[in-house]
Amino acid sequence: MPRVSPNARLIRQEGYVYKERKTGKYFFQLTLPDGKRKTSVLQKQDDSGNKFNITAESDITPAVLAAAKERILQRETRAQAIILRAQEELARQAEAEQLALERQRTMPPLSLLEVIPSYCRLLTSNPNPPSTSTARNNIRWMQACLQWLHEQYPTLEFYDDIPEEAPLRYWQHLQSLHYADSTMQQKRKALIHITEKLIQANILHITNNIWKQLPDVRNVVNTPRAQFTFSDSLHVLRQFSRIRIRDWDEMRVMFAIGTFTGARWGDCCTMRWSHIQIENNRPFFVFMPRKTLRQRIQVKIAICPALGGYLAIARQWQEQNNNAEDYILPHIAVRYLTPSTRCPLGDNVIKVFQFCGYETTQRQRYNDSDRRVNLVGFHSLRGACFSRLIEKGI
């Protein structure tokens, strides 16, 4: 937070207005009843609803000051609400641990043979279960872990009595099999997920999830990443006039959506015309991301004029083909949603980057084995878009 300049002006005996020398912006600082000082930048709003930071003292009006004060108070209210929720969560956790200890003394432990059946019963009673493939993989990896526990600890009978050193020993066993980092991460998440669900359902009476001590592979490997910028994204779009690949016209629009919105690959492939909504004469994509579909959270992303040109082209050739599908990219959507053709579609995406001169993968030595590390992919468009937004101060 910038320091209050010596020539700051007292406003209504409740705050200060000052100008930051480096940026020329005006700020409002409010002293709260508890003595804390909170600051908010002064902003004005034009007729279109766009907000701008104030850099001229003549633009400071009572309405601007009132809006800045209101932002500070709302921000402080939200902070207090977050602290209160955190305190309530800590109280619930303490109560849950106490109940778990009480049940552990009064109820029988969970047998190793009952771990998978108990988890399956939880799946059938869950109103929002994970996808079929995710549940199947979770069960398969837990079965492999239980088999290893039976081989290494023949006398182990109950899941509650797994030795403390067992998780790290099992992790070392997986590393000796030279699994890919992504597979190791999925196995780790599966063991933590199943154990956590059993604890929450009061089926497993322990206070700590022993599998959480497994190392997070993402924090272990120092993975090199290529520097892919927004200019690189535009370069790829310009090269599509020379690329000849299956469904290249739809592929170009898909890359344009990823470049100008930062949406994930799956969302770009399955974007629909019905996702486009008009608000204040401006078009937006309003949709639920596939990755967080279970949370039912909608995302709204503005459609810039450059992207609007690509969507206009997509609408033209869709009407020429008499295609009544709601998908913006009908052929790409079918290929993505069909498991047998999703991988070839991903290979085509990689070929686009390679055609444009980008190295997409690199071999890296890790734990006495060679691993293929991804350097550039469709997700690079997302990072480049967000970096561009940050540079623009959005």
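Located above this text is the structure these notes cover.
Residues numbered from 1 in each chain as written. Predicted model: local features only at pLDDT ≥ 70, side-chain atom pairs only at ≥ 80, totals over all residues. Heavy atoms only, no water.

How would you explain helix α7 (residues 230-238) if you had to name every residue and give the values?
Turning to α7, its buried residues are Phe230, Asp232, Ser233, Val236 and Leu237. Across the axial projection of α7, the buried residues extend over an arc of 155°, all falling on one side. (Buried < 20%, exposed > 50% of the residue type's maximum accessible area, 1.4 Å probe, protein only. Helix = DSSP H or I, 4+ residues; strand = E, 2+ residues; numbered from the N terminus. Arc of directions from axis to C-beta.)

Got a sec to walk through the side chain of Gln239? Specific residues and values, please.
Here Gln239 lies in the loop between α7 and α8 (248-261). Among residues more than four places away in sequence, those in contact with Gln239 are Phe355 and Cys356. (Contact = heavy atoms within 4.5 Å.)

Give a description of the environment of Gln318 that names residues and reports values.
Relative to the assigned elements, Gln318 resides in helix α10 (residues 305-320). For Gln318 and Leu329, which are 11 residues apart along the polypeptide, the C-alpha to C-alpha distance reads 8.8 Å.

Quick rundown of the pattern of salt bridges? Include the residues and the values.
Within this structure, the stated rule accounts for eight salt bridges. Between Glu196 and Lys212 there is a salt bridge; the shortest N-O distance is 3.6 Å. Pair noted here: Glu196 is in helix α5 (residues 181-200) and Lys212 is in the loop between α5 and α6 (217-220), with a separation of 16 residues, a long-range link. A salt bridge links Arg246 to Asp247; the shortest N-O distance between them is 3.8 Å. Owing to a relative accessible area of 19%, Asp247 belongs among the buried residues under this scheme. Salt bridges here are not isolated pairs; linked through shared partners, they connect Arg246, Asp247 and Arg335. (Salt bridge = Lys/Arg side-chain N within 4 Å of Asp/Glu carboxyl O.)

Can you tell me about the side chain of Glu76, naming the residues and giving the values?
When you line up the elements, Glu76 lands in helix α1 (residues 62-106). Those residues within four positions of Glu76 in sequence are excluded, and the remaining contacts are Leu32 and Lys38.

Mind laying out the packing of aromatic side chains, listing which residues take part and the relevant values?
Per the counting criterion, the structure on display carries 12 aromatic pairs. Plain terms: the ring middles of Trp148 and Tyr153 are 6.2 Å apart, the flat faces sit at 75° to each other, and that makes the pair edge-to-face. The same class applies to Trp148 and to Tyr153, which are both buried. Here the aromatic cluster, defined as three or more aromatic residues joined through ring pairs, consists of Phe228, Phe240, Phe255, Phe353, Tyr358 and Phe378. (Phe/Tyr/Trp six-rings, centres within 6.5 Å; stacked < 30°, edge-to-face > 60°.)

An account of the sheet that holds strand β9 (residues 299-302) is needed here, citing residue identities and associated values.
Taken in spatial order, the three strands of this open sheet run β7-β8-β9, and their pairing is antiparallel. With partners counted over all chains shown, the strands left at the sheet margins are β7 (276-279) and β9, one partner each. For this sheet the average axis-to-axis angle between neighbouring strands, irrespective of direction, equals 35°. With four bridges joining them, β7 and strand β8 (residues 282-287) adopt antiparallel strand pairing. Of the residues in β8, the one forming a bridge with Ile276 is Phe285. (Pairing = 2+ DSSP bridges. Axes fitted to C-alpha atoms, helices over the stretch in contact; angles between N-to-C directions.)

Tell me about the state of the cysteines, and name the residues and values.
If you walk through the whole model with that rule in mind, you get zero disulfides. Here Cys385 stays free of any disulfide, with the sulfur of Cys304 as its closest cysteine sulfur at 8.5 Å. Relative accessible area serves as the criterion here: at 5%, Cys385 is assigned to the buried category. (Disulfide = S-S within 2.5 Å.)

Residue-level account of the packing of helix α3 (residues 132-152) against α5, with values.
Contact geometry for α3 and α5: axes closest at 9 Å, N-to-C directions at 90°. The orientation of α3 with respect to α5, classified from their angle, is roughly perpendicular. On the side of α3, the interface is formed by Asn138, Ile139, Trp141, Met142 and Cys145, while α5 contributes Gln186, Lys187, Ala190, Leu191, His193, Ile194 and Thr195. (Parallel < 35°, antiparallel > 145°, perpendicular 65-115°, else oblique.)

Residues and numbers for the nonpolar core, please.
Ranked by internal contacts, the top residues of the largest apolar core, which has 43 residues, are Met254 and Phe255. Counting only elements with at least two residues in this core, the list comes to α7, α8, α9 (265-269), β8, α10, α11 (330-337), α12 (339-355) and α13 (379-391). Ignoring anything within four residues of it in the chain, the contact list for Phe255 reads Val236, Leu237, Phe240, Val349, Val352, Phe353, Phe378 and Leu381. Formed by 31 residues, the second largest nonpolar core is a distinct cluster that contains Ile162, Ile194, Leu204 and Ile206. (Core = buried A, V, L, I, M, F, W, Y, C linked by side-chain atoms within 4.5 Å.)

So, the environment of Glu20: which residues are in play, and what are the values?
Residue position: Glu20 is located in the loop between β2 (15-19) and β3 (26-31). On a C-alpha basis, the gap between Glu20 and Thr55 in space is 9.4 Å, while along the polypeptide they are 35 residues apart. Reaching out from Glu20, the side chain makes a polar contact with the side chain of Thr23 at a distance of 2.4 Å. (Polar contact = N/O pair within 3.5 Å; in protein donor to acceptor, adjacent residues only side chain to side chain.)

Talk me through helix α4 (residues 166-176); I want residue IDs and the actual numbers.
Taken together, the buried positions of α4 are occupied by Ala166, Pro167, Tyr170, Trp171 and Leu174. All buried residues of α4 project into a common sector of 135° when viewed along the axis, lining one side. Of the residues trailing α4, His178 is marked for its positive phi of about 60°.

Tell me what's going on with the environment of Ala135, and back it up with residues and numbers.
Assignment of secondary structure puts Ala135 in helix α3. Between the C-alpha atom of Ala135 and that of Leu123, which follows or precedes it by 12 residues, the distance is 8.3 Å. Residue contacts for Ala135: discarding those within four places in its chain leaves Leu123 and Pro130.

Please provide a residue-by-residue account of the pairing of β2, values included.
For β2 and β3, the ladder comprises five bridges, and the chain directions are antiparallel. Bridge assignment links Tyr18 to a residue of β3, and that residue is Phe27. The turn joining β2 and β3, which pair antiparallel and follow one another in sequence, is formed by six residues; a positive phi near 80° is taken by Gly24.

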